[in-house]
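# Summary of the model geometry
So the chains spell out like this:
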Amino acid sequence: MVMLYTPGPNNSMLAVSGANFGLQRTIPHLLGVSLGFGFMVFLVGLGAGQIMQTSPIVQRIMRLGGILFILWFAWKIASVPANKPGEDVNISSKAEKRNKPLTFIQATLFQWINGKAWMITASMEYPHRRYNPLTGEWVLVSPHRTKRPWQGKLEKPSAEKKPEFDAGCYLCPGNLRAGGKQNPPYAGIYIFENDFAALLKDLPEEDTPRSELFNALPVKGECRVICFSPKHNLTLPLMSLSEIGGVITAWQQQTAELSSRYKYVQVFENKGEMMGCSNPHPHGQIWAGDFIPTLVAQEDKMQREYFTRHSRPLLKDYAEQESAHGIRTVAENESWLAVVPYWAVWPYELLLLPKRHVPALPSLTPVESTHLAEVLKNILTRYDNLIQLSYPYSMGWHQALSGAEAYSGLHVHFYPPLLRSAEVKKFMVGYEMLAESQRDISPETAADTLRALSSVHYTGIA
Ligand code: H2U
Ligand code: ZN
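What comes next is a walk through the structure. (Residues numbered from 1 in each chain as written. Chains lettered and ligands numbered in written order. Predicted model: local features only at pLDDT ≥ 70, side-chain atom pairs only at ≥ 80, totals over all residues. Heavy atoms only, no water.)

### Focus: the site of ligand 1
Of all residues adjacent to ligand 1, which total 16 residues, the nearest are Ala178, Asn194, Asp195, Ser278 and His283. One of the side-chain N or O atoms of aspartate 195 is found 2.6 Å from a nitrogen atom in ligand 1. Note that an oxygen atom of ligand 1 is positioned 2.9 Å from one of the side-chain N or O atoms of histidine 283. For ligand 1, whose unbound accessible area comes to 480 Å², protein coverage reaches 87%. Looking at the shell around ligand 1 residue by residue, the classes come out as 6 nonpolar, 8 polar and 2 charged. (Near = heavy atom within 4 Å. Polar contact = N/O pair within 3.5 Å; in protein donor to acceptor, adjacent residues only side chain to side chain. Areas by Shrake-Rupley, 256 points an atom, 1.4 Å probe, with all protein chains shown as cover. Nonpolar A, V, L, I, M, F, W, Y, C, P; charged D, E, K, R; others polar.)

### Remarks on the sheet that holds strand E2 (residues 137-141)
Spatially, E1-E2-E12 is the arrangement adopted by the 3 strands of the open sheet, whose pairing is mixed. If you trace the sheet from one side to the other, it starts and ends with strand E1 (128-132) and strand E12 (437-439), each paired once. Looking at each pair of strands side by side, their axes are set apart by 30 degrees on average, direction ignored. With 3 bridges joining them, E2 and E12 adopt parallel strand pairing. (Pairing = 2+ DSSP bridges. Helix = DSSP H or I, 4+ residues; strand = E, 2+ residues; numbered from the N terminus. Axes fitted to C-alpha atoms, helices over the stretch in contact; angles between N-to-C directions.)

### Observations regarding the pattern of salt bridges
Enumeration according to the criterion identifies 19 salt bridges in this entry. Where glutamate 320 meets lysine 316, a salt bridge forms, and the shortest distance between an N and an O atom there is 2.8 Å. Note that glutamate 320 and lysine 316 are positioned in helix H9 (residues 314-325) at a spacing of 4 residues, about one turn of the helix. Exposure remark for lysine 316: the relative accessible area of 28% places this residue in the partly exposed category. Via salt bridges that share partners, Arg130, Glu322, Arg328 and Glu444 belong to a single interconnected network. (Salt bridge = Lys/Arg side-chain N within 4 Å of Asp/Glu carboxyl O. Buried < 20%, exposed > 50% of the residue type's maximum accessible area, 1.4 Å probe, protein only.)

This is the structure in structure tokens:
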């Protein structure tokens, strides 16, 4: 239907052919379009669309084919002899001699360089699985499911306007914390040891079970809380670039200090009640431990194996290829690239990558840190603009383990829990708990939506 009533190259060419050569002589062209287009839809259904979307070489060939076709078409138009005054204006006999209607084969082949046909077929999305080369896991993508009705729970992030100082907040300057300690009247960033730390520095020597079926390991570590600002209502997207820069510096210093004593330092932020965040005061956390956590070990292994095969860091290759075609790019500057990753599980998941191979936060150059503040403000503003509220998410940095600096790339994951709107949360349940992660809207559609949003905050205050 869309194909029939919108003016694309097929419709215009058929109309011109009909006017010039009559319906009968245009029939092979008409059949060629129908068969060629139908065959293309069939191949896209089998996966050709994926190749088209992911292979820069295929895209380059298509682009070149399209350019050559336009030049050929322009030449054909330009080379039609002009009608002399008094000549029959309908169709000149000279043109009739030189021009023939498109043959069946020509019309079939033309579909492959017809941009409109591609746009239409690519938007017909079928269920498929995508591979995550960072974890080795697969995700089931079912774009056709977005139309399903929702009669489940509706949630909404708080729209309540928060004060700059809240006397009841555990994290505001000068207030008493839940653990009984008092915060100093801090003015910038404030870091303290978590009063309810999940990891402890000192442990009594204790034997843990070590059998195949009952296996435990003692662990040591430290957990810190980092208040990004003394202002209770100043979330990261609302901060100035220099304030965000201060947070980046603190993340770098914490990583440098703790990684000298621990095997792995996890810097992260839980934002919003929906992510289980206990306090709206802008803050993040840092957990450092004398062990390598499961997901970090998984990403390390996948990157190591890729490097062995290709002698190049996986994420540098990935950033280059994503940046080259841009269909999943949400924001980009000289040093950073933010994409909805090809294998994203969460609807509006983002992966933020440096363009250079950088193993960890302390290795960023001052320019890269400045550009990081810019790109962070940009993507977090888009997130807030998406729902016109403060967007909830869990974000965290993944950094190279000691000895993995050559192949393991610094990156940030943003995992927001919302599905389609501010009210509908995505639950990882059912099939996802038991078999495999699944998503509805495609990563490309999510990237389109985020890219189309303004990078100026909807409140107008930042
Ligand atoms: P969230 O980022 O999930 O909101 O956690 C905040 C952390 O702050 C949490 O780990 C700690 C909690 O233990 N906390 C304190 O250390 N002291 C307090 O007085 C309140 C919260
Ligand atoms: Zn506060």
